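If you want the building blocks of each chain, they are given just below.
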Amino acid sequence: MTEREADERLHRIAEDPRYQSLVRRRNRTSWILSAIMVTIFIGYMLLVAFAGPLLATPIGAMTTTIGIPIGLFVILSGIALTGIYVAIANRRFDAEAAALLKDHQA
Amino acid sequence: MSRAPARAAMLLAAIGSPGIAHAADGAHSAANWPAIITFGIFIAITLGITWWAARRTRTTSDFYSAGGGITGRQNGLAIAGDYMSAASFLGISALIFADGYDGLIYSTGFLVGWPIILFLLAERLRNLGRYTFADAAAFRFGQAPVRLSSTFSSLTVILFYLIAQMVGAGQLIQLLFGIPYTYAVGSVGLAMTIYVLFGGMIATTWVQIIKAVMLLGCATFMSLAVLYHVGFPFDALFSQAVAVKESLALKGGASEAAAAESALSILAPGGFIKDPASAVSLGMALMFGTAGLPHILMRFFTVPDARTARTSVLWATGWIGYFYLLTFVIGFGAIILVGANPAFFDSATGAMLGGNNMAAIHLAEAVGGDMFMGFVSAVAFATILAVVSGLTLSGASTISHDLYASVLRKGNPDPAAELRLSRITVLALAILAVALGIAFEKQNVAFMVSLAFAVAASSNFPALLLSMLWKGCATRGVAWGAAIGAVTALVLTVLSPTIWVAQLGAAEPIFPLGSPTLVSMPLGFLAIWLISRFDRSPRAALDRAGYVAQRVRSETGIGASKASNH
C-alpha cells in the first residue's frame with residue numbers, strides 16, 4: 001500500500017460513524033474516570049489541608065481514625081478505577097475496534 | 001517547636017533518596033555477610049540473565065524495547081519495579097515511622113498517577129511510538145524542534161532522578177555493606193553498565209522483574225510478621241503504635257497531656273501541610289509527573305500492542321498499590337518493634353542507628369534476625385541497581401534514538417551505528433552518573449526527585465497529551481511550550497524555599513510554594529496552546545492536516561510497530 005492509499009484508508013475510517021461513536025464513547029469513559037480519580041485525590045488533599053481534625057476523629061471505640069480508611073480508600077479507588085477501565089475496554093471497545101478494522105481491510 | 005521545617009525536610013528526603021546522612025557510626029558498617037551472600041546470588045543470577053539477553057540483543061528494537069516481546073504481566077511487574085525505588089521502600093516506611101499518617105499521603109500521590117496514565121496515554125502511546133515517548137509526541141510534527149525539546153526535558157528529568165538515586169545508593173551501600181562511599185557508587189555504576197550495555201532492555205526488564213518480586217516478597221513477609229506480632233483486630237496495630245509513641249514522649253520528659261497528644265498525632269495529617277497551595281502543587285507533581293517520566297513511558301514499547309499495554313498498567317497499579325499498603329503496615333510495625341527497642345538506638349544521642357531511613361531495615365532484623373536483615377539489605381541494593389539501570393537505558397535511547405537517529409540522521413540512521421552510539425551513551429551516562437554521585441555526596445539531593453516529577457508534569461505530560469488529542473497543536477507550540485514548562489519548573493524550584501532559603505541561605509523565598517507544579521504545569525499547557533494557536537506558518541498547516549490520520553492510528557493501532565520475532 002502506498003503512503004497515499006494508507007492515508008486515504010485512515011481518512012475513510014475517520015468518517016465511519018462506527019469509528020466516531022467508538023472513539024466518542026471510549027473517550028467519554030476515559031475522561032469520566034480521569035475526572036473521578038482527580039476529584040478523589042484533590043478532594044483528599046483538600047481534606048488533609050482543611051479538615052485535619054475531622055480526619056483525626058477516632059472511629060467508634062477504636063484508636064483507628066477516620067483518616068486511615070479514607071487514605072486507604074484513595075489507594076484502592078485508584079486500583080479499582082484501573083480495573084473498571086480495563087474490563088470495559090477488553091469487553092466492549094476491543095471487539096468493536098476489531099470489527100471496524102476488519103471492514104476497512106487494506 | 002520548629003517541627004514543620006524538620007518535617008518538610010523529612011518528607012522531601014523520603015522521596016528524594018534514602019538520605020542517610022551519618023552513615024559511618026551505624027552498627028551495620030562492618031561487613032554484613034548475609035547481605036553480601038544474598039547480594040552475590042542476585043548479581044550472579046542477573047549477570048546470567050544479562051548473558052542470555054545479550055545473545056538476543058541484535059537490533060536497535062531489541063536494545064530499546066526488548067523487541068516488543070514482553071507480556072502484560074511481566075511488564076506490569078517491571079513497571080512496578082521501576083516505580084518502587086529504595087527511596088519509596090525505605091523513605092516512606094521511615095516517614096511513617098517518624099510521622100505516621102503523613103507517609104500515607106505521599107503513597108496516595110504516587111499511586112494516583114497510574115490510572116491517569118492508563119485512561120489518557122498508555123494505549124495511544126503504544127500505538128504511535130516505537131522506542132521513546134517522543135515518537136508519539138513528535139508524530140505529525142517537524143521532528144527536529146520537538147525532539148530537541150523532548151531530549152532537553154527528558155535528560156533533565158533523568159539526570160535529577162539519577163543523581164538522587166546514586167547519592168542514596170552510595171550512602172545506603174556504605175552503611176549496609178561497610179564499603180567506602182566512592183566504591184559503593186562506583187560498584188552501582190559498574191553493575192548497571194554491564195546490564196544495560198550488554199543486555200539492553202531485555203536484561204533491564206528482567207532485572208527489574210526479579211527485584212520487584214524480591215521486594216514484594218520481603219515486604220509481604222515483614223507485614224505479615226508485624227500483623228502476627230500485634231495480633232487481631234487490625235486496630236491493635238495503631239493502638240500499640242500510639243502507646244509506644246506515648247511512652248517514648250513521656251520518657252523524653254513531656255507532660256502526660258502533651259505525650260498523649262503527640263502520640264495520637266501519628267494517626268492524622270500533621271506537618272505535611274504547611275499551606276494548602278503547596279500540598280495541591282506537590283499532589284499535582286506526583287499525579288501528573290508519573291505520566292511524563294521517560295523511563296516509565298518507555299516501558300509501554302516493550303509490549304506487543306495497546307491491549308497488552310493496558311493490561312500492564314492494571315498489573316502495575318495493583319502491585320504498586322499493594323506495596324504502599326505494605327509500607328503502611330511496615331512503618332507502623334517499626335514504631336512498635338523498632339521504636340520501643342533501645343537496641344536500635346544510639347544510647348548516647350538517642351538517634352536511630354544508621355539514620356532515620358533505616359527503620360525498615362531494623363524492622364527486618366527485629367522480625368527475622370540477622371539473616372533476614374541481610375536479605376532485605378541486599379534487596380534494597382538490588383532495587384537501586386534496577387532503577388538506575390532503567391534510567392540509564394532511557395537516557396541512552398533519548399540520545400541515540402531522538403537526537404542521533406531522528407534529528408541528525410533525519411530518521412534514516414545506519415542501524416549498526418545507532419546501536420553502537422546507544423552503547424557509547426550508556427557508558428558515558430554511567431560515568432557521568434558515578435561522577436555526579438561522588439560530586440553530590442555531601443549535598444542535599446532530597447529535592448531532586450520531586451523536581452524531576454515537577455519537570456515531567458510541566459513539559460512531557462502536556463506535550464504528549466496535547467499532541468495526541470488536540471488538532472490545533474503545532475510544531476512550534478509543542479517544542480517551545482514543553483521547554484517553557486520545563487524551565488519554569490526548574491527556575492521556580494531554585495526560587496522556592498527548598499533551594500533559595502534552605503540551600504542558598506536567603507531569608508525569604510521569592511517563590512512561596514514548596515513545589516512549582518501548580519504554576520509550571522498550567523503554564524506548560526498554556527504555552528503550547530498559545531504558541532500553536534497563533535502559528536500561521538506552512539509547517540503548522542501541515543501539522544494540523546496530519547491530525548486526523550494520527551488520531552485514527554492512535555485510536556485503532558493501524559500501522560503500530562509490531563513485536564519482532566526471535
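Residues numbered from 1 in each chain as written. Chains lettered and ligands numbered in written order. Predicted model: local features only at pLDDT ≥ 70, side-chain atom pairs only at ≥ 80, totals over all residues. Heavy atoms only, no water.

Colleague: Just checking my understanding: could you explain the overall build of chain B for this structure?
Modeller: The number of helices and strands found in chain B is 24 helices and zero strands. What you see for chain B is a C-alpha radius of gyration of 23 Å, in line with the 24 Å of a compact globule of 566 residues. Each of the 566 residues in chain B was classed as buried or not, and the buried ones make up 63%. Residue pairs in contact within chain B that sit at least 24 positions apart in sequence constitute 84% of those at least 6 positions apart. Both charge centroids of chain B, one from 32 positive and one from 24 negative side chains, sit 16 Å from each other. (Helix = DSSP H or I, 4+ residues; strand = E, 2+ residues; numbered from the N terminus. Rg over C-alpha atoms; globule rule 2.2 N^0.38 Å. Buried < 20%, exposed > 50% of the residue type's maximum accessible area, 1.4 Å probe, protein only. Contact = heavy atoms within 4.5 Å. Lys, Arg positive; Asp, Glu negative; His and termini not counted. Charge placed at Lys NZ, Arg CZ, Asp CG, Glu CD.)

Colleague: Looking at this structure, I do not really get the interface of chain A and chain B. What am I missing?
Modeller: The extent of an interface is frequently quoted as the accessible surface area lost upon association of the parts. Taken together, the contacts link 49 residues of chain A with 52 residues of chain B. Together, the buried faces of chain A and chain B total about 4,400 Å²; carbon and sulfur atoms form 76% of this surface. Counting across the chain A and chain B interface gives three salt bridges. In this assembly, chain A and chain B are joined by twelve residue pairs in polar contact (both at pLDDT 80 or more). (Buried area = accessible area lost by both parts, 1.4 Å probe. Salt bridge = Lys/Arg side-chain N within 4 Å of Asp/Glu carboxyl O. Polar contact = N/O pair within 3.5 Å; in protein donor to acceptor, adjacent residues only side chain to side chain.)

Colleague: Help me understand the packing of helix α6 (residues 102-111) of chain B against helix α13 (residues 276-289) of chain B in this model?
Modeller: Relative orientation and spacing of two packed helices are given, respectively, by the angle between their axes and the distance between those axes. Residues and elements named next belong to chain B. α13 packs onto α6 with a crossing angle of 40 degrees between their chain directions and a minimal axis gap of 7 Å. As judged from the angle between their axes, α6 and α13 are oblique. Between α6 and α13, the residues in contact are Y106, G109 and F110 and L282, L286 and M287, respectively. The residue makeup of the contact of α6 with α13, split by class, is five nonpolar, one polar and no charged. (Axes fitted to C-alpha atoms, helices over the stretch in contact; angles between N-to-C directions. Parallel < 35°, antiparallel > 145°, perpendicular 65-115°, else oblique. Nonpolar A, V, L, I, M, F, W, Y, C, P; charged D, E, K, R; others polar.)

Colleague: Any chance you could explain the pattern of salt bridges here in plain terms?
Modeller: Here the idea is simple: oppositely charged side chains can pair when their charged atoms come close. Scanning all chains against the criterion turns up 16 salt bridges over all chains. With a closest N to O distance of 2.6 Å, D94(A) and R307(B) form a salt bridge. Of this pair, D94(A) sits in helix α4 (residues 67-103) while R307(B) sits in helix α15 (residues 306-339), on two different chains. Its relative accessible area of 39% is what places R307(B) among the partly exposed residues. For the salt bridge of R476(B) with D535(B), the shortest nitrogen-to-oxygen distance reads 3.6 Å.

Colleague: Is there a simple way to explain the side chain of T302(B) in this structure?
Modeller: All names here are of chain B. Assignment of secondary structure puts T302 in the loop between α14 (294-297) and α15. On the accessibility criterion, T302 (0% relative accessible area) is buried. At a separation of 3.3 Å, a polar atom in the side chain of T302 contacts the side chain of N75. A polar contact is formed between the side chain of T302 and the backbone oxygen of R299, at a distance of 2.8 Å. Ignoring sequence-local partners within four residues, the contact set of T302 consists of S65, G68, G69, I70, N75 and M201.

Colleague: What is the right way to look at the packing of aromatic side chains in this model?
Modeller: The geometry of an aromatic ring pair comes down to the distance between the two centres and the angle between the two planes. Residues and elements named next belong to chain B. Enumeration over the complete set of coordinates arrives at 22 aromatic pairs over all chains. For the pair F238 and F328, a centre-to-centre distance of 5.9 Å together with 50 degrees between the ring planes defines the contact as tilted. One end of the pair, F238, is in helix α11 (residues 235-251); the other, F328, is in helix α15, and 90 residues separate them in sequence. An aromatic cluster of three or more residues is present, and its members are Y83, F89, Y106, F110, W114, Y161, F323, Y324 and F453. Over the aromatic face of W51 sits the side chain of R55, whose NZ or CZ is 4.9 Å from the ring centroid. (Phe/Tyr/Trp six-rings, centres within 6.5 Å; stacked < 30°, edge-to-face > 60°. Lys NZ or Arg CZ within 6 Å of the ring centre and 35° of its normal.)

Colleague: Hey, could you run me through the packing of helix α2 (residues 33-56) of chain B against helix α16 (residues 359-408) of chain B in this one?
Modeller: Residue and element names in this part refer to chain B. Direction vectors running N to C along α2 and α16 enclose 40 degrees, while the axes themselves pass 7 Å from each other. Between α2 and α16, the crossing angle belongs to the class labelled oblique. At the point where α2 passes α16, the crossing takes the right-handed sense. Of α16, the residues touching α2 (which contributes P34, A35, T38, F39, F42 and I43) are D370, M371, G374, F375, S377, A378, F381, A382 and L385. Across the contact of α2 with α16, the residue classes break down as eleven nonpolar, three polar and one charged. (Left-handed = near helix turned anticlockwise from the far one by under 90°.)

Colleague: Please clarify how the confidence of the model for chain B should be interpreted in this entry.
Modeller: Any segment with low pLDDT has predicted coordinates that should not be analysed in fine detail. Residue and element names in this part refer to chain B. Per-chain confidence: chain B averages 88 in pLDDT, with 93% of residues scoring 70 or above. In the model of chain B, helix α1 (residues 3-16) stands out as the element of lowest mean pLDDT, 40, in contrast to helix α22 (residues 517-533), which has the highest, 97. In this model, residues 1-29 is a region of pLDDT below 50 whose contacts with residues beyond four sequence positions or in other chains number 65 contacts. (pLDDT = per-residue confidence, 0-100.)

Colleague: Is there a simple way to explain the side chain of N27(A) in this structure?
Modeller: Within the secondary structure, N27(A) sits in helix α2 (residues 17-50). Accessibility expressed as a relative area gives 12% for N27(A), which makes it buried. If we ignore the near neighbours within four places in the chain, the residues touching N27(A) are R124(B), R551(B) and E555(B).

Colleague: Any chance you could explain the nonpolar core here in plain terms?
Modeller: General note: in soluble globular proteins, nonpolar side chains tend to be found buried as a group. All names here are of chain B. Membership of the largest hydrophobic core comes to 186 residues, with the highest contact counts inside it found for F89, F300 and F332. Take this core: its biggest share by element is 23 residues, from helix α10 (residues 181-230). In this structure F89 touches L215, A219, M222, F323, T327, I330, A360 and V376, once residues within four positions along its chain are discounted. (Core = buried A, V, L, I, M, F, W, Y, C linked by side-chain atoms within 4.5 Å.)

Colleague: Please clarify how unusual backbone geometry should be interpreted in this entry.
Modeller: Leave glycine aside and you will find that most residues have negative phi; peptide bonds, for their part, are mostly trans. All names here are of chain B. Even without being glycine, A66 reaches a positive phi, approximately 55 degrees. Looking at the secondary structure, you find A66 in the loop between α3 (60-65) and α4 (72-83). For K410, which is not a glycine, the phi torsion comes out positive at approximately 50 degrees. With respect to the secondary-structure elements, K410 resides in the loop between α16 and α17 (415-439). With relative accessibility at 66%, the residue K410 sits in the exposed group.

Colleague: How do you make sense of a nonpolar patch on the surface when you look at a structure like this?
Modeller: All names here are of chain B. Together, W480, I484, L523, L526, W529, L530 and F534 line one region of the surface with nonpolar side chains, adding up to about 690 Å² of accessible area. Looking at the nonpolar patch, the elements that each hand over two or more residues are α20 (475-495) and α22. By residue number, the principal contributor to the nonpolar patch is α22, which donates four residues. Topologically, I484 is positioned in helix α20. Judged by its relative accessible area of 32%, I484 falls in the partly exposed class. (Patch = residues over 30% accessible without salt bridge, like charges linked within 9 Å, V, L, I, M, F, W, Y side chains within 5 Å. Areas by Shrake-Rupley, 256 points an atom, 1.4 Å probe, with all protein chains shown as cover.)

Colleague: When you look at the environment of L175(B) in this model, what are you seeing that I'm missing?
Modeller: By the secondary structure assignment, L175(B) is in helix α9 (residues 143-177). Separated by 108 residues in the primary sequence, L175(B) and G283(B) have C-alpha atoms spaced 32 Å apart.

Colleague: Explain the environment of V501(B) here, please?
Modeller: Residue and element names in this part refer to chain B. Here V501 is to be found in helix α21 (residues 497-501). Overall, the relative accessible area of 26% leaves V501 in the partly exposed class. Contact partners of V501, with chain neighbours within four places excluded, come to S496, A506, A507, E508 and P509.

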